[in-house]
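Analysis of the macromolecular model
This is what each chain is made of:
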Amino acid sequence: MHNIELYRDDAHLCVLLNESEELDEGGIHSNQYLILHQEFGVLLDPGGFGVMADVLEAMLAYCEPEQIRYIILSHQDPDIVGGLASWLELTRATVLISRLWTRFIPHYGLPSTDRIVAIPDTGAQIDLGTSAVLELIPAHFLHSEGNFQVYDPRAKILFSGDVGASELSGAETQTFIEDLAPHLPRIEGFHRRYMASNRAIKAWRETLGERPVELLAPQHGPVYRGAAVGQFLGWLEGLECGVDLLQPGGVFRR
């Protein structure tokens, strides 16, 4: 169990917290990320209840709970939201999630909904101070109806949620991939079934535009860097998936 620093300068830090070679949650291994700008902390998709204590321990190497100003949830799945009640008790953070899910996440046993703020469909921007911002990029139907990614212009990192996600066993776990070809078998089936359609992909890709992306950091599996970033984006743009493949009788065309 260790932390992986993805970016660091004199005022800004991006960290993959509690990187592990085991499936600690007894389910799908997930990545949790911390962005720290001076004293201003942001947690991205902090994870299920089962990993909460480990993520907290990892975070304490960089900041205290009272420094966490925002918790950003890309969507509503339990591997993202399951530990949220504990985070709300430990921090004073505002929680940001798509407007579609603000009425659903109280079912995770939250002590209060007073700090839940809806992200509009078109996205938003968070001011971290001293000219630093985070952009909330709409990625609807990839795979959730209300879905957002976080782009950090200073670090040039796209925290992409389930876009780019893979499922690896403990023996296969790696931190980075730099060539897409050997990684494709680990992502193709997931993206073909869980991403809603190629139309949704193209809408997201046009929204992302020409923002420079040096690292693409998904919620599951390794972080893309170097040539793998452009290779993945190019592959995804041409992918048929979801309803593109759906046929009568619950059959999906291969």
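All values reported here derive from a predicted model rather than from experimental measurement.

Overview of the sheet that holds strand β14 (residues 223-225)
Spatial ordering of the open sheet is given by β8-β9-β10-β11-β13-β14-β12, a layout of seven strands whose pairing is mixed. Lying at the two open borders of the sheet, with one neighbouring strand each, are β8 (124-129) and β12 (176-177). As defined by bridge partners, β8 adjoins strand β9 (residues 132-138) across five bridges and the pair is classed as antiparallel. Counted as the bridge partner of Q125 is E135 from β9. Where helix α6 (residues 227-237) meets the sheet, its contacts fall on β12, β13 (215-218) and β14, and the angle it forms with β14 comes to roughly 105 degrees.

Comments concerning helix α1 (residues 52-59)
Those residues of α1 lying buried are M52, V55, L56, A58 and M59. When α1 is viewed along its axis, its buried side chains cluster within an angular range of 160 degrees and face the same direction. The exposed set on the far side of α1, more than 90 degrees from its buried face, consists of A53 and E57.

Let's talk about the pairing of strand β11 (residues 157-161)
Counting buried positions along β11 yields five of five residues, so the element is predominantly enclosed. Taking every second residue as pointing to the same face, both faces of β11 are buried, with I157, F159 and G161 on one and L158 and S160 on the other. Sheet topology places strand β10 (residues 148-152) next to β11; three bridges connect them, and they run antiparallel. Counterpart to V150 in the pairing with β11 is F159. Counted between consecutive antiparallel strands, the loop separating β10 from β11 contains four residues, among which K156 sits at a positive phi close to 55 degrees. Direction of pairing for β11 relative to β13: parallel, over a ladder of four bridges. Bridge assignment links I157 to a residue of β13, and that residue is L215.

So, how was this worked out
Counting from 1, residues in each chain are numbered in the order their sequence is written. Local features in a predicted model are, by the rule used here, given only for residues with pLDDT of at least 70; side-chain atom pairs are given and counted only at 80 or more, and totals for whole chains, interfaces and linings are based on all residues. The side-chain figures draw on all heavy atoms in the structure; neither hydrogens nor water molecules are used. Two strands form a pair only when DSSP identifies at least two bridges running between them. Only runs of H or I of at least four residues qualify as helices and only runs of E of at least two qualify as strands under DSSP, and these elements are numbered from the N terminus. Only heavy atoms matter for contacts: two residues are in contact if any of them lie within 4.5 Å across the pair. In this analysis, axes come from line fits to C-alpha atoms, helices being fitted only over the stretch in contact, and the angle between any two N-to-C directions falls in the range 0 to 180 degrees. Classification of residues uses two cut-offs on accessible area relative to the type maximum, computed with a 1.4 Å probe and protein chains only: under 20% is buried, over 50% is exposed, and between them is partly exposed. By definition, the arc is the one covered by directions from the helix axis to the C-beta atoms.

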